[in-house]
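An overview of the molecular structure
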Amino acid sequence: MPTYDYRCDTNDRVIEVNHRMSENLTNWGELCERAGIELGDTPADAPVHRLATGGNVITSSSLGSGRAPMPSCATGSCCAGGMCGLN
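The sections below set out a description of the structure shown in this document. (Residues numbered from 1 in each chain as written. Predicted model: local features only at pLDDT ≥ 70, side-chain atom pairs only at ≥ 80, totals over all residues. Heavy atoms only, no water.)

This part is about the overall build of the chain. Within the chain, the regular secondary structure consists of one helix and four strands. The linear arrangement of helices and strands in the chain, starting from the amino end, is β-β-α-β-β. Residues classed as buried in the chain amount to 23% of the 87 residues present. Sequence-distant contacts, at least 24 apart, represent 34% of the contacts inside the chain between residues at least 6 apart. (Helix = DSSP H or I, 4+ residues; strand = E, 2+ residues; numbered from the N terminus. Buried < 20%, exposed > 50% of the residue type's maximum accessible area, 1.4 Å probe, protein only. Contact = heavy atoms within 4.5 Å.)

Look at D12: it is not a glycine, yet its phi comes out positive at around 65°. Tracing the backbone through its elements, the reader meets D12 in the loop between β1 (2-8) and β2 (14-18).

By the alternation rule, side chains of β2 split into I15 and V17, which are all buried, and V14, E16 and N18, of which none is buried. Of the strand pairs in this sheet, β1 and β2 are connected by five bridges, and their pairing is antiparallel. Looking at β2, one finds that T3 is bridged to N18. The hairpin formed by β1 and β2 contains five residues between the paired strands, and D12 there has a positive phi angle of roughly 65°. (Pairing = 2+ DSSP bridges.)

Under the defined criterion, the tally for this structure stands at zero aromatic pairs. When the ring centre of Y4 is taken as reference, the NZ or CZ atom of R50 above it lies at 4.4 Å. (Phe/Tyr/Trp six-rings, centres within 6.5 Å; stacked < 30°, edge-to-face > 60°. Lys NZ or Arg CZ within 6 Å of the ring centre and 35° of its normal.)

What follows is the structure in structure tokens.
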């Protein structure tokens, strides 16, 4: 399952969670529930936004390989003109 980073507008925290690509969390309460953390002083309805991190997927075949993951572009950074779709 892909891993996504979400940022809360109210408390400025960034939380990493796993969920399906088709899902999108919209508030702090949903994010905390998915991450298994307490709400704290932040209201449950505080908005959160998924960050453009690419959604990392970890599989059993990629664990412990000792090799670095392939970059998203051949140059190791975003391609000229944003062709890779990450910007």
